[in-house]
Amino acid sequence: MSSLWPPLPPKNESEEDKAARLAAEKEAKRISDEIDRALEQEKQELRKHRPQTKILLLGQAESGKSTMIKNFQLYFCPSSFHAEREAWRAVIHLNLVRFVNYLLYVLSNTASGSGGKRGDPNRDYRMFQMRLAPLKQVELSLTRCFSSENSPVTSPTDDKPTLHTSPAQEVTVRGGMGWKSFIRRGRSQSRVQSNSSELESTRRILDACKNDIVALWKSPAIRALEQEGVDLHHHSRYFLENAERVADINYTPTPDDILRARLRTVGVEEYRMTMETAAEKGAEWVFYDVGGQRSQRASWASYFEDVNAMIFLCPMSSFNQRLSEDRSVNRLYDSMELWQTVCRSKLLSKATFILLLNKADLLRSKLRAGIKFSDYVIDYGRDEPNTTEAVANYLRKEMMDIHRVCSPRKRQLHVHMTCAIDPTLMAAVLNSIRDVILVDILHQTTLL
């Protein structure tokens, strides 16, 4: 039988038969189109009422939660990720100018400002101070673009960083305020025009200053700062090392740039992502990124109910750091205590537990630089290898033991060692996480 549609007309067909055949074919097509429309409408309704996949992100401040979100969006929702490049360009420029202004501030208060030795001519430093002075206004303009209409805006020097011990301060926005919308649209028509004008102006100033920014970073004064013990291993160092490209008037952020951009969120940030690349295309995944500062942890419990999975990020590289809120507390110990509290929660007893031992790259750098893990973690034997693999295995075992002892019921724990700024590694981890969450959802709905 022929599969052609419509079928070829029979031989010797009369005009009457032809008219009847065409009418029947027209009716058959109408019915077929109606069925197709009904099926599509039913498909759309199912998508609307499909249960959302809800993920809770927990961990200390600066544990990598926001970067993990960006990786998920890059891998599963690429079109929306790239649509936000304009907003991230402003964040990247803000990261860059804040770090440059921080360096100038530190240079003005140390011997390095005079070339590294007291009494030496300080001509080079004064030249940078003068030629890069417009960056203070750039920082104010960019900070204003991220703020709400009535929020106060502080100047770069208001931060007054503690020399030698504290890195450059980060810009903070309040969760839920929709800072990306501020950059793209603003809250009003006047805000749209103001933001657009300010952003264009900051890009022109940065382009004019880019050669001096590069020269500052390569200057002997900056090398002397490191010798004096000033902490220059800041996340914005990457943008300063790439300043010639980043400050260019035609700069467009790459995915790697966006993954390294930082903007601290205070409070709870909700991310709704519509899957674009996976088998469940069109499904909505909702992420709740709750603030990791100690002052915000009391409000976490209200987000524990009705989530499909909890992803906890433990920054392995924090073993020799102190909490900014309490300088007497080791960050790694605090992270382990926090993990213990989360494991004990009865509200999360049915959620899938995923642990990410994050910042493997920074851990590796510290250990290779000769910093001993055993000097900060007393339970780690001094005869144990001071290697990334050995330390990661130790932390994996410790965290799994805490989960086993503290969980209100027996459940599986999925553990991954990660580097959130490595998109290749994160793609494999995210695929595994997605599969685990979907399988657990199917189990919970008795479909498996």
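What counts and what doesn't
Residues numbered from 1 in each chain as written. Predicted model: local features only at pLDDT ≥ 70, side-chain atom pairs only at ≥ 80, totals over all residues. Heavy atoms only, no water. UniProt positions renumbered as here; feature names shortened; annotations may be inferred. Helix = DSSP H or I, 4+ residues; strand = E, 2+ residues; numbered from the N terminus. Buried < 20%, exposed > 50% of the residue type's maximum accessible area, 1.4 Å probe, protein only. Salt bridge = Lys/Arg side-chain N within 4 Å of Asp/Glu carboxyl O. Phe/Tyr/Trp six-rings, centres within 6.5 Å; stacked < 30°, edge-to-face > 60°. pLDDT = per-residue confidence, 0-100. Contact = heavy atoms within 4.5 Å. Core = buried A, V, L, I, M, F, W, Y, C linked by side-chain atoms within 4.5 Å. Expected span 1.5 Å × (residues − 1). Arc of directions from axis to C-beta. Pairing = 2+ DSSP bridges. Axes fitted to C-alpha atoms, helices over the stretch in contact; angles between N-to-C directions. Parallel < 35°, antiparallel > 145°, perpendicular 65-115°, else oblique. Left-handed = near helix turned anticlockwise from the far one by under 90°.

As named in an unreviewed UniProt entry, the protein chain is G-alpha-domain-containing protein, taken from Trametes cubensis.

Moving on: the UniProt feature "binding site: Mg(2+)" (unreviewed entry) in the protein chain. The positions UniProt marks with the feature "binding site: Mg(2+)" (unreviewed entry) are Ser 66 and Thr 265. These annotated residues cover 200 residues of sequence, but their C-alpha atoms sit close together, with the largest distance between any two at 8.8 Å. Considering the arrangement of structural elements, one finds Ser 66 in helix 2 (residues 65–76). When you line up the elements, Thr 265 lands in strand 3 (residues 264–266). Overall, the relative accessible area of 14% leaves Thr 265 in the buried class.

Here we take up the pattern of salt bridges. Tallied over the full model, the rule gives 18 salt bridges. With a closest N to O distance of 3.8 Å, Arg 204 and Glu 200 form a salt bridge. One end of the pair, Arg 204, and the other, Glu 200, are both in helix 8 (residues 189–218), four residues apart, so they sit about a helical turn from each other. Arg 382 is the partner of Asp 375 in a salt bridge, and the nearest nitrogen-oxygen pair spans 2.8 Å. Here Arg 382 falls in the exposed class, since its relative accessible area comes to 62%. Salt bridges sharing common partners tie together Glu 27, Arg 30 and Glu 34.

Under the defined criterion, the tally for this structure stands at 14 aromatic pairs. With a centroid separation of 6.4 Å and 50° between ring planes, the pair formed by Phe 99 and Trp 217 is classed as tilted. Taken together, the residues Phe 99 in helix 4 (residues 85–107) and Trp 217 in helix 8 connect sequence positions 118 residues apart. Centre to centre, the rings of Phe 312 and Trp 339 are 5.1 Å apart; their planes meet at 55°, and the pair counts as tilted. With a gap of 27 residues between them, Phe 312 in strand 6 (residues 309–315) and Trp 339 in helix 13 (residues 331–344) connect regions that are remote in the sequence. Its relative accessible area of 0% is what places Phe 312 among the buried residues.

Looking now at the confidence of the model for the protein chain. Note: predicted coordinates in regions of low pLDDT should not be interpreted at a detailed level. Mean pLDDT over the protein chain: 80, with 77% of residues reaching 70 or higher. Confidence drops under a pLDDT of 50 for residues 149–168, and excluding neighbours within four residues, the segment shows 36 contacts in the predicted structure.

Our focus in this paragraph is the nonpolar core. One finds Val 100, Leu 103, Leu 132, Leu 135, Ile 213 and Leu 240 to be the most contacted residues of the largest nonpolar core, which totals 46 residues. Here this core takes 14 residues from helix 4, the largest share from any one element. With near-sequence residues (within four places) excluded, Leu 135 lies in contact with Val 97, Val 100, Asn 101, Leu 206, Cys 209 and Ile 213.

What follows is about helix 15 (residues 388–406). With 19 residues, helix 15 ought to run about 27 Å at 1.5 Å a step, and its terminal C-alpha atoms sit 27 Å apart, in line with that. Within helix 15 the residues assigned to the buried category are Thr 388, Val 391, Ala 392, Tyr 394, Leu 395, Met 399, Ile 402, His 403 and Cys 406. Projected onto a plane normal to the axis of helix 15, the buried residues spread over an arc of 165° and lie on a single side. Exposed positions of helix 15 whose direction lies more than 90 degrees from the buried face are Glu 389, Lys 397, Arg 404 and Val 405. Those residues of helix 15 that are buried lie in contact with strand 6, helix 13, strand 7 (352–358), helix 14 (360–368) and strand 8 (413–417).

With four of its five residues buried, strand 8 lies for the most part within the structure. Note: strand 7 against strand 8, five bridges, orientation parallel. In the strand pairing of strand 8, Leu 357 is matched with Met 417.

Okay, the side chain of Ser 63 next. As for its position among the elements, Ser 63 is in the loop between strand 1 (53–59) and helix 2. Not counting chain neighbours up to four residues away, the residues in contact with Ser 63 comprise Leu 313, Pro 315, Arg 331, Asn 358 and Lys 359.

In this section: unusual backbone geometry. Its identity is not glycine, yet Glu 62 carries a phi of approximately 65°, on the positive side. Following the sequence through the fold, Glu 62 ends up in the loop between strand 1 and helix 2. Given the relative accessible area of 33%, Glu 62 is considered partly exposed. Even without being a glycine, Lys 359 presents a positive backbone phi close to 65°. By the secondary structure assignment, Lys 359 is in the loop between strand 7 and helix 14. By relative accessible area, which is 17% here, Lys 359 ends up buried.

Moving on: the packing of helix 4 against helix 6 (residues 134–146). Where helix 4 contacts helix 6, the two axes come as close as 9 Å, and the packing angle between them is 140°. Taken together, the axis directions place helix 4 and helix 6 in an arrangement best described as oblique. Here helix 4 runs over helix 6; the crossing is left-handed. Here Ala 87, Ala 90, Val 91, His 93, Leu 94, Val 97, Arg 98, Val 100 and Asn 101 of helix 4 come into contact with helix 6, specifically with Leu 135, Lys 136, Val 138, Glu 139, Leu 142, Thr 143 and Phe 146.

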